[in-house]
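Given next are the chains, with one letter for each unit.
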Amino acid sequence: MLKKRIIPCLDVKDGRVVKGINFVDLIDAGNPVDQAKFYSENGADEICFLDISASLENRDTLINIVKKTAEEVFIPLTVGGGIKSIDNIQSLLKAGADKVSINSAAITDPNIIKNSSNYFGSQCIVVAVDVKKNENSWLVYSHGGTKNTGIDAIEWLRKVEQLGAGEILLTSMDRDGTKLGFDLDILAEANKILGIPVIASGGVGSIHHFYEGVKDGGADALLAASVFHFNEFSIMEVKNYLKKNNIDVRI
Amino acid sequence: MKKNITILDYGSGNILSAMQSFSRIIKSNELDADICISGNPESIKHSTHLVLPGQGAFETCINGLKSIPGMLEELNKYTLEQKKPFFGICVGMQLLANNSEENGNHEGLGWIEGIIRKLPSKNLKMPHMGWNSIKVLNNNFKITPKETDYYFVHSYYFDCKHQENILAETNYGINFPSIVCKENIYGFQFHPEKSSDQGLNIIKSFLEL
């Protein structure tokens, strides 16, 4: 039986973790490799790095981090943030990333999805889609959720799948940081129309929210950041809860 | 005896991850072993353990292998004549089949009889991506993996002709071989190098061959 995945997300800026674990005595809490290792040893099914560096020069720093992480962590690693070109993707995959997540660049030029999935295989191309509710529909936002593209989310999801995305990372901007739970409506809608896996993101505040994401939203994987970083509960607590409620997870 | 592990680089996929996982096993078990990434058929001659990773389309992978002069000859010699340990991962496992139906019909290495077919979707998400369990069907091989979860990413599967070549199977809509084996040849549909400790244990057993 295929398991539902739990994915902790770490924000990395200029080579340092800026949003990460706050409760463990890591020798260097800003070290992305140590944090990734901690999570991989404590039940994470994948690790996600989101690079929020402002400048391009820091891309090399990111590449080095990915390399070091791949030496220490033997579960899949997804890297996103600021990816603009096939070259960017290649250097991350070469450094040891298993998947890359593309967001704004796909909106600027959707062909990057097609070209990269043709070249590297769709299994390593994740398209991150940030959405906000607008009356009865959802609109796609870009540039870290700051720019309204005016694109209808459902149409965009269909297009992205057609272009060759292997997976969707779906974030509700309305719910992100609110702790009110995932936006189950858009999740369910996305799962209805898509034949590729969907990672739910944005809004987790309780263990039960993970359950809802799978049960009502139909998510294949669940991504969270702060609830794990602040040890509100552990990944294993989430998994035990899901298992108790008949959702298959890797224990 | 010192082990010489070669990871074949023929322009496909995430070779570094495979390299890192083997390096980790060598280091933590203090094995007397050298490991190299190489696309040169000459390096196969000196190898005691050969690893064939693979990512992306079957056609691209098999063409990548074939485009290197002398590669198929050395591979056949190493595996079929000398019968030295061989480890195929993902598409590197699928290449062992006679042929593949992915985007047309493409001939494989033909070392283990079978055909690569598309997984029937039956309303299931594709690719089959994530952690899934395996059931061991055959205990007659030197590698006996733990019956637990491993990390998969694929949309095609190895339709194996002979049941005796299936070491383990996995269910996703249908039961399909997750590990195939024939004498010295091992092929893994999942990624041992991305499957945490249970995956690393498989690599360790392979290096003990």
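Going by the structure above, here's the rest.
Residues numbered from 1 in each chain as written. Chains lettered and ligands numbered in written order. Predicted model: local features only at pLDDT ≥ 70, side-chain atom pairs only at ≥ 80, totals over all residues. Heavy atoms only, no water.

Engineer: Tell me about the overall build of chain B, and name the residues and values.
Structural biologist: For chain B, the count of helices and strands is six helices and 14 strands. In terms of overall dimensions, chain B is globule-like: its C-alpha atoms have a radius of gyration of 16 Å, near the 17 Å expected for 209 residues. C-alpha atoms of chain B, sized along the principal axes, occupy 50 × 35 × 30 Å. In chain B, which comprises 209 residues, the share counted as buried stands at 59%. Of the contacts made within chain B by residues no fewer than 6 positions apart, 70% connect residues no fewer than 24 positions apart. If you sum the accessible surface of chain B, you get close to 8,300 Å²; carbon and sulfur atoms cover 45% of it. Computed over 20 positive and 22 negative side-chain charges, the separation of the two mean positions in chain B equals 3 Å. (Helix = DSSP H or I, 4+ residues; strand = E, 2+ residues; numbered from the N terminus. Rg over C-alpha atoms; globule rule 2.2 N^0.38 Å. Buried < 20%, exposed > 50% of the residue type's maximum accessible area, 1.4 Å probe, protein only. Contact = heavy atoms within 4.5 Å. Areas by Shrake-Rupley, 256 points an atom, 1.4 Å probe, with all protein chains shown as cover. Lys, Arg positive; Asp, Glu negative; His and termini not counted. Charge placed at Lys NZ, Arg CZ, Asp CG, Glu CD.)

Engineer: Let's hear about the interface of chain B and chain A: which residues, and what values?
Structural biologist: Of the residues lining the interface, 29 residues belong to chain B; the matching set on chain A comes to 35 residues. Roughly 2,400 Å² of surface becomes buried between chain B and chain A when both sides are summed, with 53% attributable to carbon and sulfur atoms. When the buried area of chain B at its contact with chain A is split by residue, Lys125, Met129 and Trp131 of chain B rank highest and sum to 31% of it. One can count four salt bridges joining chain B with chain A. For Glu72 of chain A, the salt bridge is made with Arg24 of chain B, and the minimal N-O distance between the two is 3.3 Å. The interface formed by chain B and chain A contains 14 residue pairs in polar contact (both at pLDDT 80 or more). Looking at the side of chain B that touches chain A, the elements with two or more residues in it are helix H1 (15–28), strand S8 (128–133), strand S10 (149–154), strand S12 (166–172) and helix H6 (196–207) of chain B. Of the residues forming the side of chain B that touches chain A, the biggest block, six residues, is contributed by S8 of chain B. (Buried area = accessible area lost by both parts, 1.4 Å probe. Salt bridge = Lys/Arg side-chain N within 4 Å of Asp/Glu carboxyl O. Polar contact = N/O pair within 3.5 Å; in protein donor to acceptor, adjacent residues only side chain to side chain.)

Engineer: A description of the environment of Ser23 of chain B should follow, citing residues and the corresponding values.
Structural biologist: All names here are of chain B. The residue Ser23 is located in helix H1 in this model. Ser23 sits in the partly exposed class, given a relative accessible area of 23%. In the structure, Ser23 is positioned 22 residues away from Met1 in sequence and 17 Å away in space, judged by C-alpha atoms.

Engineer: Tell me about unusual backbone geometry, and please be specific about residues and values.
Structural biologist: Between Met126 of chain B and Pro127 of chain B the backbone carries a cis peptide bond, its omega angle lying at 0°. Here Pro127 of chain B shows up in the loop between strand S7 (114–118) and S8. The phi dihedral of Lys179 of chain A is positive, around 65°, even though this residue is not glycine. Its place among the elements puts Lys179 of chain A in the loop between strand S9 (167–172) and helix H7 (184–193).

Engineer: Can you explain the packing of helix H6 (residues 153–163) of chain A against H7 of chain A? Please cite residues and give values.
Structural biologist: Residues and elements named next belong to chain A. One can describe the packing of H6 onto H7 by two numbers: an axis separation of 10 Å at closest approach and a directional angle of 35°. For the pair H6 and H7, the crossing hand works out as right-handed. Between H6 and H7, the contacting residues are Ala153, Ile154, Leu157, Arg158 and Glu161 on the first element and Ile186, Glu189, Ala190 and Ile193 on the second. Of the residues in the contact of H6 with H7, the class split is six nonpolar, no polar and three charged. (Axes fitted to C-alpha atoms, helices over the stretch in contact; angles between N-to-C directions. Left-handed = near helix turned anticlockwise from the far one by under 90°. Nonpolar A, V, L, I, M, F, W, Y, C, P; charged D, E, K, R; others polar.)

Engineer: Tell me about the pattern of salt bridges, residues and numbers included.
Structural biologist: Residue and element names in this part refer to chain B. Counting across every chain of the model gives 24 salt bridges over all chains. Here Lys45 makes a salt bridge to Glu42, at a shortest N to O gap of 3.1 Å. Of the two residues, Lys45 and Glu42 are both situated in helix H2 (residues 41–45); the distance of three residues between them amounts to about one turn of the helix. The exposure class assigned to Lys45 is partly exposed, which follows from its relative accessible area of 38%.

Engineer: Can you explain the packing of H1 of chain B against H6 of chain B? Please cite residues and give values.
Structural biologist: Residues and elements named next belong to chain B. Closest axis-to-axis distance for the H1/H6 pair is 10 Å, and the angle between their directions is 70°. What the angle tells us is that H1 and H6 run roughly perpendicular. Both H1 and H6 take part in a crossing whose hand is right-handed. Two secondary-structure elements touch here, H1 through Ser21, Phe22, Arg24, Ile25 and Ile26 and H6 through Leu200, Ile203, Lys204, Phe206 and Leu207. Broken down by class, the residue content of the contact of H1 with H6 amounts to seven nonpolar, one polar and two charged. (Parallel < 35°, antiparallel > 145°, perpendicular 65-115°, else oblique.)

Engineer: Requested: an account of helix H5 (residues 111–120) of chain A, with residues and values cited.
Structural biologist: Residue and element names in this part refer to chain A. Of all the residues in H5, the buried ones are Ile112, Ile113, Ser116, Ser117 and Phe120. The arc that holds every buried residue of H5, seen down its axis, measures 115°, which confines them to one face. Among the exposed residues of H5, those pointing more than 90 degrees away from its buried face are Asn118 and Tyr119. In this fold, the buried residues of H5 make contact with helix H3 (86–95), strand S5 (99–102), helix H4 (104–108), strand S6 (125–134) and H6. Looking one or two residues past H5, Gly121 carries a phi angle of roughly 95°, positive in sign. (Arc of directions from axis to C-beta.)

Engineer: Requested: an account of the pairing of strand S4 (residues 86–89) of chain B, with residues and values cited.
Structural biologist: All names here are of chain B. Judged by which residues are buried, S4 turns out to be covered on both faces: Phe86 and Gly88 on one side and Phe87 and Ile89 on the other are all buried. Here four bridges tie S4 to strand S14 (residues 185–188), and the two strands are oriented parallel to one another. Residue pairing in the sheet places Ile89 in a bridge with Phe188 of S14. (Pairing = 2+ DSSP bridges.)

Engineer: Help me get a handle on the environment of Gly164 of chain A, residues and values and all.
Structural biologist: All names here are of chain A. Checked against the element boundaries, Gly164 lands in the loop between H6 and S9. Once the C-alpha coordinates of Gly164 and Val126 are considered, the two residues, 38 residues apart in sequence, prove to be 9.5 Å apart. The contacts of Gly164, once residues within four sequence positions are left out, are Ile113, Ser117 and Ser122.

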